[in-house]
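So the chains spell out like this:
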Amino acid sequence: MTASYLEVGGPAVQRQSLWRYWRGGLQGSEFIWAVAFIVPYVAVFLLFVIYPACYGLWMGSNPALYAEVFSDPIYLNTVVNTLIFLAFGVNVKLFLALMLSGFFMRPGWWVKALLMIFVLPWAIPALPTFISIHWMLNGEWGLINNALYIMFGVDPGPSWLNSRWLALGSAIFSHVWKWTPFWTVILLAGRMSIPQEIYDAAKVDGATGLRRFLHVTFPLLANLYLVLTLLATIFLLGDFNSVYFVTGGGPANSTHLLATLGVVRDMLDLGKPQLGVAAVMTALPLLIPLVIILMRKLRTAEVQL
Amino acid sequence: MTTITAETPRRAAAAARPAERMRRAARRWRYLTNVGAALLSAVILVWTLTPIYNMVMISLEAEGDVASTHIWPPVVSAYSFWVVVTEGHWYLEAFWHQFGNSVFLAAMVTILTLAIGSLTSFSVGRMRIRNGWLITNAALLTYVIPASFLAIPFYLIMQHYGLNNNPWSVISVLVTFATPYAIFIFMEYGRSIPLELDESARIDGASPLQIYFKIYLPLMAPALVAVGTYALLLAWNEYLYQFLLLSNDRSMTVAVALGKFLNSDVAPWNYMMATAIIYAIPPIATYYLFRGRMSSGLTMGGVKG
């Protein structure tokens, strides 16, 4: 700021102005304090984000690895799984969340009580409930097949975890079960921030029910919905727990996602961490644009969120 | 004939009183939506509670009843819980030690996240250090990178430095992924505290450290509670890094022990589910205790799973 009129003063003054530029409006010792305060975070960021990221890039920098990755049928299956998981997982849970957040706007104590129960899947750690779902899907003694047998006489019930598509579908269901409450709560907050006057005005103009939703509520939520879709996509790309506990990647490694393939199959089972890193890195062409768009959106839209 | 004569005067009367007809239509509509809401609530309840019910049911079963076809326990017994709390099975030999590990891990992650997050946001948001946007962008970037994508390089780095089976390796990575959210919430909340407070303290000769401790932290108490709860839950619920880095019986946490349970062939499922329930109770209790505080921060960017 001060640089503009100090520039005429020669190199010494210029150096001082640069120093002043870096300090901003802070006095000498205060600037040192301010720097000292950010040092811990900068250290954490460099040590535990930048260093592993660069190490990972270095590990995955050998082109021969990618030839191996792309010739691996299990990897190709994993890509298909990931795309299916993204297409269904993200959209189903966000659409349900959008609809249910409207339901939870209804007045009445029992709707509030129901909301308290509804958020349970999200409040409980992923691990116990996914283990429980894993057992529910057991073909012989699981709750689902027992219920099918007792209520409809289905015997034998489908063996959920022994077929690729049933197992993948179960993992998607579990993911939706676990995460819908979280997105519902966020969309509920988004709906609550819409002022009542807008609805009153819409009512005067005759927009009620579905038309109110299409022409008033959804346009106002659209930006939030888009950001949440991007965020959910990124979180789902890195999802480990729902596949790892519900299907374990089985049967025969046919239901892996990228994270479980890289960590469990490549690193732990095959002992080839480089291969795992390379497999995960193939998500970067999708991940990087998403991260850039999302960072822009979040920076400008964080007040609306 | 009779029907027509009976119908006509009634129809005429209804036409004569459109207000009455509209009221009746509105009442019928309200009745229908109420029935729909009740049905939807029933579906939500079943959908939400089934995996939880399954978990509780199995934990209350006797050993021999687990693998059989029923949908409620024939004999209810709390014996499995007794086995878990008295460490009465060789899988559970170190249960309380592992529980302690989980508590230590969660406590350290919470304290460090609060400390690093608040110092950073104080420097960037209150002292207005020049180029503070670099820090917020670094935080945003960390927030949107899936944690599991860094797992392989991070694991290898920690192994290289001999830090596996050391809780601090997990604490450091969890702090890394919890701090960005802390920084956002603190910056956002800090905007509601007038900068003039800091200014007047500075004129009275307070050092930045004094302002941080005596003015900033006390005023930020609600945000500290919200972020503390978030970090606590994140650390307690996280699985992947704990599983990779804490593998021996003395260093592992309850989450890792549960995962190990699942992968063994002869797992006693009723003990496992009892362990899972005991593991899930602290985070659920924390969540419901601090729910109101947390949801204020939630709307801003969401919690990372």
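Provided above is the structure to which this section pertains.
K.L.:
In this structure, what is going on with the overall build of chain A? I would like to understand it.
P.N.:
Counting secondary structure elements, chain A contains 16 helices and 0 strands. Taken over 305 residues, chain A has a buried fraction of 51%. Long-range contacts, defined as pairs at least 24 residues apart, comprise 70% of the intrachain contacts of chain A with a sequence gap of at least 6. Accessible surface computed for chain A: about 14300 Å², of which carbon and sulfur atoms make up 69%.

K.L.:
How should unusual backbone geometry be read in this particular structure?
P.N.:
The backbone of asparagine 253 of chain A shows a phi angle near 55°, a positive value even though the residue is not glycine. Among the residues examined, asparagine 253 of chain A registers a relative accessible area of 24% and is labelled partly exposed. Residues other than glycine seldom take positive phi values, yet asparagine 165 of chain B does so here, at roughly 65°. Position of asparagine 165 of chain B relative to the elements: it lies in the loop between helix 6 (151-160) and helix 7 (167-190).

K.L.:
I keep staring at the side chain of serine 121 of chain B and nothing clicks. Help me out?
P.N.:
Within the element layout of this structure, serine 121 of chain B appears in helix 4 (residues 95-126). In this structure serine 121 of chain B touches Arg126, Ile183, Phe186, Met187 and Tyr216 of chain B, once residues within four positions along its chain are discounted.

K.L.:
Explain the interface of chain A and chain B here, please?
P.N.:
One frequent convention defines the size of an interface as the accessible area lost when the parts assemble. Listed as interface residues are 92 residues of chain A and, on the opposing side, 98 residues of chain B. Buried surface at the junction of chain A and chain B, summed over both partners, amounts to about 8900 Å²; 79% is from carbon and sulfur atoms. Considering only the side of chain A, the residues that lose the most area to chain B are Phe37, Tyr41 and Trp135 of chain A, jointly responsible for 9% of the buried surface there. For the pair chain A and chain B, the number of links is 1 salt bridge. For the salt bridge of arginine 202 of chain B with glutamate 30 of chain A, the shortest nitrogen-to-oxygen distance reads 3.2 Å.

K.L.:
What should I look at first to understand the pattern of salt bridges in this one?
P.N.:
Here the idea is simple: oppositely charged side chains can pair when their charged atoms come close. For the structure shown, the criterion picks out 10 salt bridges over all chains. In this structure, the salt-bridge partner of arginine 265 of chain A is aspartate 266 of chain A, at a minimum N-O distance of 2.7 Å. Here arginine 265 of chain A falls in the buried class, since its relative accessible area comes to 8%. Since its relative accessible area comes to 1%, aspartate 266 of chain A is described here as buried. Within this structure, Glu30 of chain A together with Glu199 and Arg202 of chain B form a network of salt bridges that share partners.

K.L.:
Would you mind going over helix 9 (residues 208-219) of chain B with me for this structure?
P.N.:
Owing to its 3.6 residues per turn, the α-helix brings residues three or four apart onto one side. Along its 12 residues, helix 9 of chain B runs 15 Å from first to last C-alpha, staying within 8% of the 16 Å computed at 1.5 Å per residue. Of the surrounding elements, those touching the buried residues of helix 9 of chain B are helix 3 (28-59) of chain A together with helix 4, helix 7, helix 8 (195-203) and helix 10 (221-237) of chain B.

K.L.:
Can you help me understand the packing of aromatic side chains in this one?
P.N.:
In this description, an aromatic ring pair is defined by two values, namely the gap between the centres and the angle between the planes. Counted under the stated rule, the structure contains 40 aromatic pairs over all chains. Relative to tryptophan 269 of chain B, the ring of tryptophan 135 of chain A lies with its centre 4.2 Å away and its plane at 25°, an arrangement referred to as stacked. Taken together, the residues tryptophan 135 of chain A in helix 8 (residues 126-136) and tryptophan 269 of chain B in helix 13 (residues 269-289) connect one chain to another. As far as burial versus exposure is concerned, tryptophan 135 of chain A and tryptophan 269 of chain B are alike and both buried. Relative to tyrosine 239 of chain B, the ring of phenylalanine 245 of chain A lies with its centre 4.8 Å away and its plane at 65°, an arrangement referred to as edge-to-face. Of this pair, phenylalanine 245 of chain A sits in helix 13 (residues 241-246) while tyrosine 239 of chain B sits in the loop between helix 10 and helix 11 (240-245), which puts the two residues in different chains. By the burial criterion, phenylalanine 245 of chain A is buried, and tyrosine 239 of chain B matches it.

K.L.:
How should the packing of helix 5 (residues 73-103) of chain A against helix 12 (residues 209-237) of chain A be read in this particular structure?
P.N.:
Packed helices, taken two at a time, are described by their axes: the angle between them and the distance between them. All names here are of chain A. It is at 10 Å that the axes of helix 5 and helix 12 come closest, and there the two elements cross at 145°. The handedness of the crossing between helix 5 and helix 12 is right-handed. Only Phe213, Phe218, Leu221, Tyr225, Leu228, Thr229, Ala232, Thr233, Leu236 and Leu237 of helix 12 make contact with helix 5, whose side of the interface consists of Thr82, Phe85, Leu86, Gly89, Val90, Lys93, Leu94, Phe95, Leu98 and Met99. Considered class by class, the residues forming the contact of helix 5 with helix 12 number 15 nonpolar, 4 polar and 1 charged.

Cut-offs applied
Every chain is numbered on its own, with residues counted from 1 as its sequence reads. Starting at A for chains and at 1 for ligands, labels are handed out in the order in which the entities are written. Side-chain atom pairs in this predicted model are given and counted only at pLDDT of 80 or more, local residue features only at pLDDT of at least 70, and totals for whole chains, interfaces and linings cover all residues. By convention in this description, side-chain values take in all heavy atoms of the structure and omit both hydrogens and water. Every helix listed is a DSSP run of H or I at least four residues long, and every strand listed is a run of E at least two residues long, numbered separately from the N terminus. Only protein chains enter the accessibility calculation, which uses a 1.4 Å probe; a residue whose area is less than 20% of its type maximum is buried, one above 50% is exposed, and one in between is partly exposed. Contacts are assigned to residue pairs with any non-hydrogen atoms lying within 4.5 Å of each other. Using a 1.4 Å probe, the Shrake-Rupley method yields the accessible areas, and only the shown protein chains count as cover for residues. A 1.4 Å probe defines the accessible area here, and the buried area is the portion of it lost by two parts on being joined, summed over both. By definition, a salt bridge exists where a carboxyl oxygen of Asp or Glu is found within 4 Å of a side-chain nitrogen of Lys or Arg. Between the first and last residue of a helix there are one fewer steps than residues, each counted as 1.5 Å, and that sum is the expected span. Paired rings are identified among Phe, Tyr and Trp, the last through its six-membered ring, by centres lying within 6.5 Å, and are further divided according to the angle between planes into stacked (under 30 degrees), edge-to-face (over 60) and tilted (the rest). Note on method: axes are straight lines fitted to C-alpha atoms, helices fitted across the in-contact stretch only, with angles between N-to-C directions ranging 0 to 180 degrees. Crossings are assigned a handedness: left-handed for a near helix turned anticlockwise from the far helix by less than a right angle, right-handed for a clockwise turn. Gly is put with the polar residues, along with every residue not named as nonpolar or charged; the nonpolar set is Ala, Val, Leu, Ile, Met, Phe, Trp, Tyr, Cys and Pro, and the charged set is Asp, Glu, Lys and Arg.

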